[in-house]
Structure formats: structure tokens, C-alpha cells
Amino acid sequence: MKALNEIEQHKIVAIIRGYEEEDAYAIAKALYDGGIRLVEVTLNSPHALRTIEKISKELGGEMLVGAGTVLDPESAQAALMAGAKFILSPSLNTETIKLTKRYGAVSIPGAYTPTEILTAYEAGADVVKVFPATTLGPSYIKDLNGPLPQLRLLPTGGVTLDNMESYLSVGAFGVGLGSSLVHKTTEVTAAYLEEITEKARQFTSFVTDTTGGK
């Protein structure tokens, strides 16, 4: 499954939230220029499905786009029809997992407690987004991987350049990056796009240095 392999290889899913279609595409291109290969467009963004379609069409051969903040199977189906290759949620909805898998896409539901995380895995989730990760930190990922080494965990929320190594070193499958890479309230200017590209380079270079690109 290409999206799953891409997450394992590149480790970073960049989150684009709150931007209109053209600005979101410009941000995705800036992220790509900085080495990012997976982006999540949240469905609570304006015209999110059009944005997913545009990024998928324009950058689909080079960058995989997923849909985030997906709360139900109907929304997941709409996102997949628009070109999303993976579906992320902030919470656990087993019907959304089933729908996503039915379409052959990667399912990444959000869960927090060991019971929720294992329930997601048993329902067919490929990866479980541990959200919000910042509350308990990397030690929580380490603790979960002890009794549940079969899980692929994607800590999201509060992951920064300063603590990303800590998450990856304890076995995180990858990380979701929000405001530490793309801030949802910043005006999209040429200078801001250059800033995003430079931040993306820092994150992707760090991953390459840490994992050898594997």
C-alpha cells in the first residue's frame, strides 16, 4: 500500500488547516519544495474537497494527499472520491475505518487510551493517530509499544523539531505536524511560503539524518 509505505519512509504528515484552495495548494507546493511528501488537508477547511482534488491532480505523482478531521464514513467517502489516499480522524469511528478500507485507502483514526487504540487496530486501522500527543509525550508512545509492539502509532499535536527525535526513537511510525510547520492563521505571502519550505527542509533533513531515510 503506497501511502502506508510513504509514511513509513518519510515519517512526516504535514497538516494544512483553515486555508482556501489556492493558498492551500501554494502551501502544499512549498512543503513539497522542502521535501515533504505527505500532506493532510483537514475537512474543516474552506472548500476542502476542492483543495484535495487540486493537490491530488497537480502533485499527485509526487505528493500524497490525505483528508483530516474526518468524523464519519460519509465524509471519508467524499474525500476519497476527491483523491485522498489516506483518511485521518481526531477520534475513533469504526464505521469510518471500515469505509476507508473498503476503498483500499489507508485508515488513520485518532485514539488516546490503550483500549481505544487497540479497538482501532482490531477494527482495521493501518495506523493510529495518538492525539493529542503533547499531553503525555514520547514516554507514552514507548509505554504503548511495550505490550503492543504490533501497533503503528502516529503521535500528533505538539510535535516540534525539538521533540520529534524523542518520538521516533521510541518507536513512533511517524508524526503529524501542525502549527510547528504550517500555522493556520498566517497570511500566505511569498515570504511565508519560503519560511514553510525552509522549515520543511529542517524537518525532512532531521528525519534523514536520524533514520537514514529508511
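Residues numbered from 1 in each chain as written. Predicted model: local features only at pLDDT ≥ 70, side-chain atom pairs only at ≥ 80, totals over all residues. Heavy atoms only, no water.

A. Broad picture of the overall build of the protein chain. Check the secondary structure of the protein chain and you find nine helices and nine strands. Expected size for 214 residues packed as a compact globule is a radius of gyration near 17 Å; at 16 Å, the protein chain falls within 12% of this value. Overall size of the protein chain, expressed as C-alpha extent along the three principal axes, is 45 × 40 × 30 Å. Considering the protein chain as a whole, with its 214 residues, one finds that 49% of them fall into the buried category. Of the contacts formed within the protein chain by residues at least 6 apart in sequence, a portion of 60% connects residues at least 24 apart. For the protein chain, the computed accessible surface area is about 9300 Å², with 49% contributed by carbon and sulfur atoms. When the 19 positive and 25 negative side-chain charges of the protein chain are each reduced to one mean point, those points stand 5 Å apart. (Helix = DSSP H or I, 4+ residues; strand = E, 2+ residues; numbered from the N terminus. Rg over C-alpha atoms; globule rule 2.2 N^0.38 Å. Buried < 20%, exposed > 50% of the residue type's maximum accessible area, 1.4 Å probe, protein only. Contact = heavy atoms within 4.5 Å. Areas by Shrake-Rupley, 256 points an atom, 1.4 Å probe, with all protein chains shown as cover. Lys, Arg positive; Asp, Glu negative; His and termini not counted. Charge placed at Lys NZ, Arg CZ, Asp CG, Glu CD.)

B. Representation of the packing of helix α2 (residues 21-33) against helix α3 (residues 48-59). Closest axis-to-axis distance for the α2/α3 pair is 9 Å, and the angle between their directions is 40 degrees. Judged by the inter-axis angle, α2 sits oblique to α3. Handedness of the α2/α3 crossing: right-handed. On α3, the residues that touch Glu 21, Glu 22, Ala 24, Tyr 25, Ala 28 and Lys 29 of α2 are Arg 50, Thr 51, Lys 54, Ile 55, Glu 58 and Leu 59. Looking at the contact of α2 with α3 residue by residue, the classes come out as five nonpolar, one polar and six charged. (Axes fitted to C-alpha atoms, helices over the stretch in contact; angles between N-to-C directions. Parallel < 35°, antiparallel > 145°, perpendicular 65-115°, else oblique. Left-handed = near helix turned anticlockwise from the far one by under 90°. Nonpolar A, V, L, I, M, F, W, Y, C, P; charged D, E, K, R; others polar.)

C. Geometry of the packing of aromatic side chains. Scanning all chains against the criterion turns up one aromatic pair. For the ring pair Tyr 112 and Tyr 140, a centre distance of 5.8 Å and an interplane angle of 45 degrees mean the geometry is tilted. Taken together, the positions of Tyr 112 in the loop between β6 (110-111) and α6 (114-122) and Tyr 140 in helix α7 (residues 138-145) put the pair 28 residues apart, joining distant regions of the chain. Stacked on the ring of Tyr 25, the Lys or Arg Lys 54 has its end atom at 4.8 Å from the ring centre. (Phe/Tyr/Trp six-rings, centres within 6.5 Å; stacked < 30°, edge-to-face > 60°. Lys NZ or Arg CZ within 6 Å of the ring centre and 35° of its normal.)

D. A look at the pairing of strand β3 (residues 64-68). In terms of residue burial, β3 counts as a mostly covered element, since five of its five residues are buried. Of the two faces of β3, the one holding Leu 64, Gly 66 and Gly 68 and the one holding Val 65 and Ala 67 are both buried throughout. As defined by bridge partners, strand β2 (residues 38-42) adjoins β3 across five bridges and the pair is classed as parallel. If you follow Glu 40 over to β3, its bridge partner there is Gly 66. With respect to chirality, the unit in which β2 leads through α3 into the neighbouring parallel β3 is right-handed. (Pairing = 2+ DSSP bridges. Right-handed = clockwise from strand over helix to strand, strands pointing away.)

E. Here's a closer look at unusual backbone geometry. Of note, the amide linkage connecting Phe 131 to Pro 132 takes the cis form, showing an omega dihedral of -5 degrees. Positioned with a positive phi, Lys 11 is a non-glycine residue whose angle comes to about 75 degrees. Relative to the helices and strands, Lys 11 resides in the loop between α1 (2-10) and β1 (12-16). In this model, His 47 sits at a positive phi of 50 degrees, which is unusual for a non-glycine residue. Residue placement: His 47 occurs in the loop between β2 and α3. Exposure remark for His 47: the relative accessible area of 42% places this residue in the partly exposed category.

F. The pairing of β2, seen in detail. In terms of burial, β2 is largely enclosed, as five of its five residues are buried. The side-chain alternation of β2 yields two buried faces, one formed by Leu 38, Glu 40 and Thr 42 and the other by Val 39 and Val 41. In this structure, β1 lies alongside β2, joined through three bridges in parallel fashion. Paired with Ala 14 across the bridge in β2 is Val 39. Crossover handedness for the path β1 to α2 to β2: right-handed.

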